[in-house]
Amino acid sequence: MADTLAQHGAPQVPGHGPAVDPGGEGGTRRDFLYLTTAAFTVVGVGALAVPFIASMNPSRDVLALASTEVDLSPIAVGSAVTIVWRGKPVFVRRRTAEEVQAARQTPLSELPDPAPDQSRVKKDEWLVLLGVCTHLGCVPLGQKPSDSRGEFGGWFCPCHGSHYDTSGRIRKGPAPANLAVPDYVFTSDTQIRIG
Amino acid sequence: MAIGLHESEFKNPVIRWVDARLPVFTMMQKEYGTFPTPRNFNYFWNFGGLALVNLVIMIATGIFLAMNYTAHVNFAFDSVERIMRDVNYGWLLRYVHANGASMFFIVIYIHIWRALYYGSYKAPRELLFMLGVVIFLLMMATAFLGYVLPWGQMSFWGATVITNLFSAIPLVGESIVTWLWGGFSVDNPTLNRFYSLHYLLPFVTFGVVFLHIAALHITGSNNPLGIDPKGPQDTLPFHPYYTAKDSVGLIVYFIVFAALVFFAPNLLGHPDNYTPANPLVTPPHIVPEWYFLPFYAILRAVPDKLGGVILMGGSIMILFILPWLDTSPIRSMRFRPLARIALLVWLVSFFVLMYCGAKPPEEPWVLIARLATLYYFAYFLVILPALGAKERGLPLPASISMPVLRGGGPLPAGAMAKPMEKA
Ligand code: HEM
Ligand code: FES
């Protein structure tokens, strides 16, 4: 009996019955206990990790950040304002007729991230965008009259050279996607609520 | 000697009493006193010790900065200015800490380059080398986190760009970035956790440094010839020989360090970081600290977001498999005429990338960065494996002591002819 145990490499425990698996599958009762203990430890540590990891996600006060109202009436045709929503800049641009036309006439096949201009606005004139470059998060230039607007008349991100068009769609450079359109509604003709 | 006590060789009764119960003195004596060390080290072997000193300096200055620093978006910038203007010697602490990070990277880059040149990554030191790469990664993380703390424009936008790298990961990328931020942009929760981690990681680094040195003391040091010591004639006790040699290097290191701190404390920094962070305005040209420029250049050299991130990460991760990419049995590049040139060109490509990383992403810099990136990877993935199979090395000396002590064997002609002039 001692020989059998030694062959299996299991330690001899005085006063205990054979630890050999009677079914002959190769595993012993001791192996089973080791595996169960290990499995419980892994699951337990995993469960304990959840609150730690979750604590790093946005807290309730951050999530509760109220939506932002924007009064559109002072914005002249062809100009733009930047407002802050959830700590990020939101671009509101009142587009000229030419800018709208330029956006609409671009064939979708020329776009790296195809989306018709109509799907990106609620009213033709008003373009509302998250002012965050979809490459690595810089704020593109193009809001101020003195800014470079890039090769497509929209925005230009100076960080790594992404060009956006008058619909905020990516046209050239490393950014993979169009500038995002945040959730917003027109609460009146001259007022929107973002978020 | 009572049972269970260590047989101490120390004479001083107090030391002996402690050593018998906790043989730290015996250990120090063994690992740093009599430790047999190859007798032919050159000054490249100073840099490991310098790195350790540098880590201690960072922790010491950091702890005292932390006593006056406030990790809040509304106060962080001003608290650093207060350290600079009002806190006694605060300017010194901060300039030593900020320039200490630069010194740390200079030292570590030379230290890594030494390992590449003399083949210290090869058997039996693979794990030792990999632990070194882990330390390098921890250092990079720590320096990045620390640079965010003063909450200037470069702090903020550097943090934004680097954390956004994770958004390139398909499917879960955006959630990971939100999780890293603890919000929807880099903001107060981000600053707080960065501070917490910036405090923690140097101590984790310290732990890995301990393992790195423990592994070193199993395999023993490599040396400029890359051949193993064959006996006591090839080694010297660490003390006093290398404690003395290390001290010489340490003094030079302190001179360079002091020159930076006292005469050019902002030379390696960026003036934009003296402008408080503004989440609505990106500076026209954002650049990371100089020590990240080569990797930043690789990121920008790739026209695809995910691809750029993968290559940037890969440029360091590749070091983990370097011991298996280089199949040549010869360690030191002194005896590898072709690989040696290839490695020197690799060093050039590293500096070219560093230069391109500081330039705006325009031609010709993008093209140059692409070529340099290509070579950077080709060295590891193509040239080293190919040379491992093809290259014919120069004959290795029979032992370390032979060329050093002139103990017979072939000597360079000049050394034989005029021995007196050499002395
Ligand atoms: C591996 C070691 C370390 C590295 C590479 C490192 C790097 C840095 C860097 C680059 C900065 C920004 C300096 C500036 O431009 O102002 C910084 C700031 C800071 N670090 Fe560290 N650090 C290290 C260890 C520590 C430790 C151990 C502590 C705390 C115990 C610490 C506390 C601070 C504090 C409070 C600041 C903000 C004050 C300032 O900006 O000068 N650091 N660190
Ligand atoms: S962040 Fe805009 S181009 Fe990189």
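For the structure itself, consult the block above.
In this report, we go over the structure that sits alongside the text. (Residues numbered from 1 in each chain as written. Chains lettered and ligands numbered in written order. Predicted model: local features only at pLDDT ≥ 70, side-chain atom pairs only at ≥ 80, totals over all residues. Heavy atoms only, no water.)

### Observations concerning the coordination of the iron atom of ligand 1
Residue and element names in this part refer to chain B.
And step 1. For the iron atom of ligand 1, the protein coordination sphere consists of His 97 (NE2) and His 198 (NE2), at 1.9 to 2.0 Å.
And step 2. Angles of 86 to 179° at the metal separate the six donor atoms of the iron atom of ligand 1, which places the site in the octahedral class. Residue His 97 is located in helix α5 (residues 90–117), and its partner His 198 is located in helix α9 (residues 188–219); the two are separated by 101 residues in the primary sequence. Accessibility assignment for this pair places His 97 and His 198 in one class, buried. (Donors = N, O, S within 2.8 Å, 3.2 Å for Na, K, Ca; no water. Tetrahedral: all angles 85-135°; square planar, octahedral: opposite > 155°, others 65-115°. Helix = DSSP H or I, 4+ residues; strand = E, 2+ residues; numbered from the N terminus. Buried < 20%, exposed > 50% of the residue type's maximum accessible area, 1.4 Å probe, protein only.)

### Considering the site of ligand 1
All names here are of chain B.
And step 1. Taken together, 24 residues are adjacent to ligand 1, and Gly 62, Arg 94, His 97, His 198 and Tyr 199 come closest.
And step 2. Contact between ligand 1 and Arg 94: an oxygen atom at 2.8 Å from a side-chain N or O atom of the residue.
And step 3. Side-chain polar atom of His 97 to a nitrogen atom of ligand 1: 2.8 Å apart, as the coordinates give it.
And step 4. Counting atoms within 2 Å of the grid points, the majority share of ligand 1 lands in the largest cavity.
And step 5. Of all elements in the fold, only α3 (47–66), α5, α6 (126–148) and α9 reach the threshold of two or more residues within the shell around ligand 1.
And step 6. The leading source of residues in the shell around ligand 1 is α3, at seven residues.
And step 7. Residue classes in the shell around ligand 1 are distributed as 18 nonpolar, five polar and one charged. (Near = heavy atom within 4 Å. Polar contact = N/O pair within 3.5 Å; in protein donor to acceptor, adjacent residues only side chain to side chain. 1 Å grid on protein atoms, 1.4 Å probe; cavity = no way out; pocket = protein on both sides within 12 Å on 5 of 7 lines; lining within 4 Å. Sits in = over half its atoms within 2 Å of the grid points. Nonpolar A, V, L, I, M, F, W, Y, C, P; charged D, E, K, R; others polar.)

### Thoughts on the sheet that holds strand β4 (residues 126–130) of chain A
Backbone-to-backbone hydrogen bonds pair the strands of a sheet. The strands run either parallel or antiparallel.
Residues and elements named next belong to chain A.
And step 1. Ordered by their spatial adjacency, three strands build an open sheet running β2-β3-β4, and the pairing between neighbours is antiparallel. Strand pairing shows two members of the sheet lacking a second neighbour, β2 (80–85) and β4, which therefore form its edges. Pairwise comparison of adjacent strand axes, ignoring direction, gives a mean angle of 20° for this sheet.
And step 2. Taken together, the six bridges between β2 and strand β3 (residues 88–94) define a ladder with antiparallel strand orientation. Note on β3: the bridge partner recorded for Thr 82 is Phe 91. (Pairing = 2+ DSSP bridges. Axes fitted to C-alpha atoms, helices over the stretch in contact; angles between N-to-C directions.)

### So, empty space enclosed by the protein
Residues and elements named next belong to chain B.
And step 1. A full pass over the atoms with the stated rule returns two cavities of 30 Å³ or more.
And step 2. Estimates place the volume of the largest cavity at around 870 Å³.
And step 3. In terms of lining, the largest cavity is formed by 40 residues, of which the most central are His 97, Ala 98, Gly 146, Tyr 147 and His 198.
And step 4. Sort the elements by how many residues they give to the lining of the largest cavity and α5 lands first, with eight residues.
And step 5. Of the residues contributing to the lining of the largest cavity, the split by class is 26 nonpolar, twelve polar and two charged.
And step 6. If you add up the space inside the second largest cavity, you get close to 50 Å³.
And step 7. The wall of the second largest cavity is formed by Ala 297, Arg 300, Ala 301, Cys 356, Pro 360, Pro 361, Trp 365, Val 366 and Ala 369.
And step 8. Looking at the lining of the second largest cavity, the elements that each hand over two or more residues are α11 (293–301) and α14 (365–390).
And step 9. When its residues are assigned to classes, the lining of the second largest cavity shows eight nonpolar, no polar and one charged. (Points joined across faces, edges and corners; volume = space filled by probe spheres on them.)

### Here's the deal with the side chain of Arg331(B)
Residues and elements named next belong to chain B.
And step 1. Mapped onto the elements of the fold, Arg 331 is located in the loop between α12 (305–325) and α13 (337–357).
And step 2. A relative accessible area of 10% places Arg 331 in the buried class.
And step 3. A distance of 2.9 Å separates a polar side-chain atom of Arg 331 from the backbone oxygen of Gly 226.

### Focus: the interface of chain B and chain A
And step 1. Facing 27 residues of chain B, the contacting portion of chain A comprises 24 residues.
And step 2. Roughly 2100 Å² of surface becomes buried between chain B and chain A when both sides are summed, with 67% attributable to carbon and sulfur atoms.
And step 3. Taken together, chain B and chain A are joined by zero salt bridges.
And step 4. Counting across the chain B and chain A interface gives eight residue pairs in polar contact (both at pLDDT 80 or more). (Contact = heavy atoms within 4.5 Å. Buried area = accessible area lost by both parts, 1.4 Å probe. Salt bridge = Lys/Arg side-chain N within 4 Å of Asp/Glu carboxyl O.)

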